[in-house]
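These are the residues of each chain, in order.
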Amino acid sequence: MKILAQISKWGNTKRRKKINQKNRLRLLNKNFSLIANTCNGGVVCHDLGVRFNSPFVNLWIYSKDYIKIVKNLREYLSSELVFYPIGWGVNYPVARLLDADIYFMHYGSINDAKDKWYERCERVNYNNLFVLFTEMNGCTVKEMEDFDRLEISNKILLTHIEYPEIKNSFYIKGFENKIECGILSNWLPHKISGKRYLDQFDWVKWFNGDTF
């Protein structure tokens, strides 16, 4: 089983490189900022080979806090992070941003998390902004409805089932028996394709300004 898993990972990684190359050639809009409540934003930008023009990379945020942040993005991103001591419930950095908590799960130290956050805050392009919300981390229907009502031009909500009442939503197949989306950066199961769950949504089309 271990050998089969290694072969699968190698095959997916090899095919992924070709997918990324094609998508990078399709991408016309390269100076955008992608705001996200999970690691999905960072994965998408990494695959497309664009600079992280947003501090929302390698971290996660509870849905209720994320809605508050994107509703008043400039205010939050101009505010100071206040870090809790390491070990506050988790073994990675966690910070308070006004009245919201940021969980820096893929950072090894507070200094690393802090430096990357402020560095990337300076890069945010408010004139070329895209907002991604994934139905995870305690997301409720109310929060999805709140997100749908936000006056943001480029926004998308990825969901684990269809929500016809949510205009700016896109259903990701494969998590129907769950209560929310799973890890969307995982490879699609059953065959070696190099594709992730995330690939069900056409990111390049979205960033290029086409309708989804």
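So, here is what we can say about the structure in this document.

Our focus in this paragraph is the overall build of the protein chain. A tally of helices and strands in the protein chain yields seven helices and seven strands. Moving toward the C terminus, one meets the helices and strands of the protein chain in the order α-β-α-α-α-β-β-β-α-β-α-β-β-α. Here the C-alpha atoms of the protein chain give a radius of gyration of 17 Å, agreeing with the 17 Å that 2.2 N^0.38 yields for 212 residues. Projected onto its principal axes, the C-alpha positions of the protein chain cover 45 × 40 × 35 Å. By residue count, 49% of the 212 residues in the protein chain fall in the buried class. A separation of at least 24 residues holds for 55% of the contacts in the protein chain among residues at least 6 apart in sequence. Accessible surface for the protein chain amounts to roughly 11600 Å². Of this, 52% is attributable to carbon and sulfur atoms.

Quick look at the packing of aromatic side chains now. One pass over the full model with this rule turns up 20 aromatic pairs. On the numbers, 5.5 Å between centres and 80° between planes, the contact of F104 with Y107 is edge-to-face. Judged by centre distance (5.0 Å) and plane angle (80°), the ring pair of F130 and W206 falls under edge-to-face. Taken together, the residues span a long stretch of sequence, with F130 in strand 5 (residues 129-134) and W206 in helix 7 (residues 203-207) at a distance of 76 residues.

In a regular helix each residue adds 1.5 Å, so twelve residues correspond to 16 Å; helix 5 (residues 110-121) covers 16 Å between its end C-alpha atoms and thus fits that length. Of the residues making up helix 5, those classed as buried are A113, W117, R120 and C121. All buried residues of helix 5 project into a common sector of 105° when viewed along the axis, lining one side. The outward face of helix 5, more than 90 degrees from its buried face, is lined by the exposed residues N111 and D115. Tucked into the core, helix 5 has its buried residues touching helix 4 (73-77), strand 2 (81-83), strand 3 (94-97) and strand 4 (100-103).

This next bit is on the sheet that holds strand 2. Spatially, three strands are ordered 2-3-4 in an open sheet, and the strand pairing comes out antiparallel. Whereas interior strands pair on both sides, the edge strands pair on one side only; in this sheet they are strand 2 and strand 4. Ignoring strand direction, the axes of neighbouring strands in this sheet form an average angle of 35°. Here strand 3 runs beside strand 4; their pairing, made up of four bridges, is antiparallel. Looking across to strand 4, one finds that V94 is bridged to Y103. Across the sheet, helix 5 lies against strand 2, strand 3 and strand 4, angled at about 170° from strand 2, the strand it touches most.

On to the sheet that holds strand 1 (residues 33-36). Ordered in space as 1-5-6-7, the four strands form an open sheet in which the pairing is parallel. For this open sheet the edge positions go to strand 1 and strand 7 (169-171), each flanked by a neighbour on one side alone. Averaged over all neighbouring strand pairs, the angle between strand axes comes to 25°, with direction disregarded. Direction of pairing for strand 1 relative to strand 5: parallel, over a ladder of four bridges. In the strand pairing of strand 5, S33 is matched with L129. Here helix 2 (residues 40-48) sits on the sheet and contacts strand 1 and strand 5; the angle it forms with strand 1, its principal contact strand, is near 150°.

Phi is positive for L98, which is not a glycine, with a value near 55°. Looking at where L98 falls in the secondary structure, it is placed in the loop between strand 3 and strand 4. The phi dihedral of H190 is positive, around 85°, even though this residue is not glycine. Note on placement: H190 falls in the loop between strand 7 and helix 7. On the accessibility criterion, H190 (85% relative accessible area) is exposed.

As a further point, take the pattern of salt bridges. All chains considered together, the criterion is met by eleven salt bridges. Residue K68 is joined to D99 by a salt bridge in which the shortest nitrogen-to-oxygen separation is 3.6 Å. In this pair, K68 is assigned in helix 3 (residues 63-71) and D99 in the loop between strand 3 and strand 4, connecting sequence segments 31 residues apart. Three or more residues are tied together by salt bridges with common partners; here these are R16, D47, R196 and D199.

Before going further, it helps to examine the pairing of strand 3. Where strand 2 lies against strand 3, three bridges are found, and the strand directions are antiparallel. Of the residues in strand 3, the one forming a bridge with F83 is A95.

What counts, and where the lines are drawn
Residues numbered from 1 in each chain as written. Predicted model: local features only at pLDDT ≥ 70, side-chain atom pairs only at ≥ 80, totals over all residues. Heavy atoms only, no water. Helix = DSSP H or I, 4+ residues; strand = E, 2+ residues; numbered from the N terminus. Rg over C-alpha atoms; globule rule 2.2 N^0.38 Å. Buried < 20%, exposed > 50% of the residue type's maximum accessible area, 1.4 Å probe, protein only. Contact = heavy atoms within 4.5 Å. Areas by Shrake-Rupley, 256 points an atom, 1.4 Å probe, with all protein chains shown as cover. Phe/Tyr/Trp six-rings, centres within 6.5 Å; stacked < 30°, edge-to-face > 60°. Expected span 1.5 Å × (residues − 1). Arc of directions from axis to C-beta. Pairing = 2+ DSSP bridges. Axes fitted to C-alpha atoms, helices over the stretch in contact; angles between N-to-C directions. Salt bridge = Lys/Arg side-chain N within 4 Å of Asp/Glu carboxyl O.

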